[in-house]
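Chain residues, written in single-letter form:
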Amino acid sequence: MYMDEQMGLTNSRTFITSTILWVSTALAIHAESSQIFFEWTVSYSHRAPLGVEKQVIVINDQFPGPVLNTTTNDVVTINVHNNLTDPFLMTWNGVQLRRNSWQDGVQETNCPILPGQRWTYNFQVKDQIGGFFYFPSLLFQKAAGGYGAIRVNNGPVIPLPFPQPYKDLDVLIGDWYNTDSRLLRASLNVGNSLPEPNGILINGLGPNQAIFEFEPGATYRLRISNVGLKTSLNFRIQGHVMRLVETEGSYTIQQDYNNLDIHVGQSYSVLVTAKNQANCISYYMIASSRFIEAELLGLAIIRYPGSVEPPLGPITRGPATYDYTYSMSQAHAIRWNLMVGAARPNPQGSYHYGSINITRTLVLKNGIMIDGQELRYTVNGVTFVHQDTPLKLADYFKLTDASYSCVIPETPNDGTGVLPTFGTSVVDAVYHDFMHVVFQNPLQYIQTWHLDGYNFFVVGMEFGTWDESKMAGYNMVDAISRSTVQVYPIGWTAVMVKLDNQGLWNLRSQNAEYWYLGQELYIRVKGVGEEDPSTIPVEDESPIPENVIKCGEAIL
């Protein structure tokens, strides 16, 4: 079982009473922050969650990996030992690293940790709370596992907007492929699409293998994340109601759900109150596939004291497989709770995002490019190409050759006859700008987009083609703030974001296939007049780490 018992094995906490603490990355730390340390060994193991053995990435011999249990403003130090035979990086999905994209763990911010080597991540969790997850970001390694849950708990002086649950439970759901991740990557490299998955895992286990113990009458907080490669999932619990309370660092208006769509890369917290029962009944926890031909079921067991297995009765049905309207209506109903505080005591609603003037609009349209026989995916006609030197290092060491980046068009090149192309796509942005981003999806499959380092307000989401007239219908009062959002087929989603976190931040498709094949870009956020990244003051962006790994032209 993947619960509280797994914590503490690799986690020690030292309370810091001084006003400022400097760690090896010279981070400026808030008063009464704490510093937590982890030792993680990343290695291979052979597991068979769906009955077919494959090579799986484990952390400290655990799959999923250890829970990264933190509190608002904690300073986190993680020593990662790479015992794989391939380079490795870890990224922190939804965790807003405080002005420190040096620690983001994606290909254009960090050189990889080479086989047999180690590297230490040092970062401070920004002012946020909630449930998130980490995963490998290189070489399609997410298909081999290597993921785990992240908790960012409320500071002791900030009350929860609901009674303290009896326990927190981490629930990682996701699609799974029996094929080795290297073979999947090789197939993508020669132009094939990713097939439909073989099944759905819950906490790294196949049907009926994950067990959750419930005490009668107790209330549990379930932190649920879709850690899969491509498949939207519907989550539900037989015979129980879920109260949605948080998503990706935002407390929501509390509403009850019988089922909840969770798209790739998204995280939700729900409260579930156990039944006051004396009978010996167990129940199914269900994660079922959405918007694909095959109906796949991930099943876990809710077990009460003395209950027998398997659960009685039919498996609770979810919404119709291709009912996009149902899914969008559910998304529209998820709203920001304006009356409660999150990481800070002031209510969330005291931040009036709707009164901030928009300084820039990006319209980003996903697409497909065929290069010879190879399939690639694009944003505004550009498929992303990685250079030997990460952009972050190229900026710092002033390697400004044109090959290091290209400026992506800020609107799609519709009707102009411009052919798709390759490039290392970057959007240059100014610190404290308020950006309006529209994701336009002209294709027949659902998309999910994620922005590292930030949350954004999901102000609009509809079917059809976006134009400026749609802004009149935006929710400018209580739109949910999150870091990962879905875009429905032949539809659009609009978000707004305050660029208050300096650095180079990855904006990507959360579909691992599309991301691997080019559907991403980077937003470079810097202050006005900052022409020399090597001289940026520490209060604006953290300096280059002392232990930085160099690669490409940065080592010349």
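Use the structure listed above.
Cut-off values and rules
- Residues numbered from 1 in each chain as written.
- Predicted model: local features only at pLDDT ≥ 70, side-chain atom pairs only at ≥ 80, totals over all residues.
- Heavy atoms only, no water.
- Disulfide = S-S within 2.5 Å.
- Helix = DSSP H or I, 4+ residues; strand = E, 2+ residues; numbered from the N terminus.
- Buried < 20%, exposed > 50% of the residue type's maximum accessible area, 1.4 Å probe, protein only.
- Contact = heavy atoms within 4.5 Å.
- Pairing = 2+ DSSP bridges.
- Axes fitted to C-alpha atoms, helices over the stretch in contact; angles between N-to-C directions.
- Arc of directions from axis to C-beta.
- Polar contact = N/O pair within 3.5 Å; in protein donor to acceptor, adjacent residues only side chain to side chain.

Caption draft 1: Quick look at the state of the cysteines. Inspection of every chain in the model, using the stated rule, returns one disulfide. Residue pairing for cysteine 111: its cysteine sulfur links by disulfide to cysteine 551, the two sulfurs lying 2.1 Å apart. Residues cysteine 111 and cysteine 551 share a disulfide whose torsion about the S-S bond is about -80°; that sign makes it left-handed. With a gap of 440 residues between them, cysteine 111 in the loop between strand E6 (90-93) and strand E7 (118-124) and cysteine 551 in the segment after strand E34 (520-526) connect regions that are remote in the sequence. Judged by its relative accessible area of 4%, cysteine 111 falls in the buried class. We note that cysteine 406 lacks a disulfide partner, and the nearest cysteine sulfur, in cysteine 551, lies 19 Å from it. Given a relative accessible area of 25%, cysteine 406 falls into the partly exposed group.

Caption draft 2: Highlighting the environment of leucine 443. Within the fold, leucine 443 resides in the loop between strand E27 (434-441) and strand E28 (447-451). Note: C-alpha distance between leucine 443 and lysine 398 (45 residues apart in sequence) is 39 Å. Not counting chain neighbours up to four residues away, the residues in contact with leucine 443 comprise Asn366, Gly367, Ile368, Pro489 and Ile490.

Caption draft 3: Representation of the sheet that holds strand E13 (residues 219-226) within the structure. The sheet built from six strands is open, its strands ordered E11-E10-E13-E18-E15-E16 with mixed pairing. Only two strands of the sheet have a single partner each, and these edge strands are strand E11 (199-202) and strand E16 (250-257). Between one strand axis and the next, the sheet turns by 25° as a mean value, whatever way the strands run. Looking at chain direction, strand E10 (residues 167-176) and E13 are connected through seven bridges and run parallel. If you follow lysine 167 over to E13, its bridge partner there is tyrosine 220.

Caption draft 4: Focus on the sheet that holds strand E14 (residues 233-237). On the basis of which strands lie adjacent, the open sheet formed by five strands has the order E12-E20-E19-E14-E17 and mixed pairing. Strands with a single pairing partner mark the edges of an open sheet, and in this sheet they are strand E12 (211-213) and strand E17 (260-262). Averaged over all adjacent pairs, the angle separating strand axes in this sheet is 25°, with direction ignored. Alignment of E14 against strand E19 (residues 283-289), held across five bridges, turns out to be antiparallel. Along E19, the bridge assignment pairs arginine 236 with isoleucine 286.

Caption draft 5: Up close: the pairing of E10. With nine of its 10 residues buried, E10 lies for the most part within the structure. Of the strand pairs in this sheet, E10 and E11 are connected by four bridges, and their pairing is antiparallel. Across the sheet, the residue bridging to isoleucine 173 is isoleucine 202, located in E11.

Caption draft 6: Region of the structure containing helix H2 (residues 324-332). Of the residues making up H2, those classed as buried are Tyr324, Ser327, Met328, Gln330 and Ala331. End-on, the buried residues of H2 take up no more than an arc of 155°, which puts them together on one face. Where the residues of H2 are buried, they touch E16, E17, strand E29 (456-463) and strand E31 (484-487). Two or three places before threonine 325, at the opening of H2, aspartate 323 has a side-chain oxygen 3.4 Å from that residue's backbone nitrogen.

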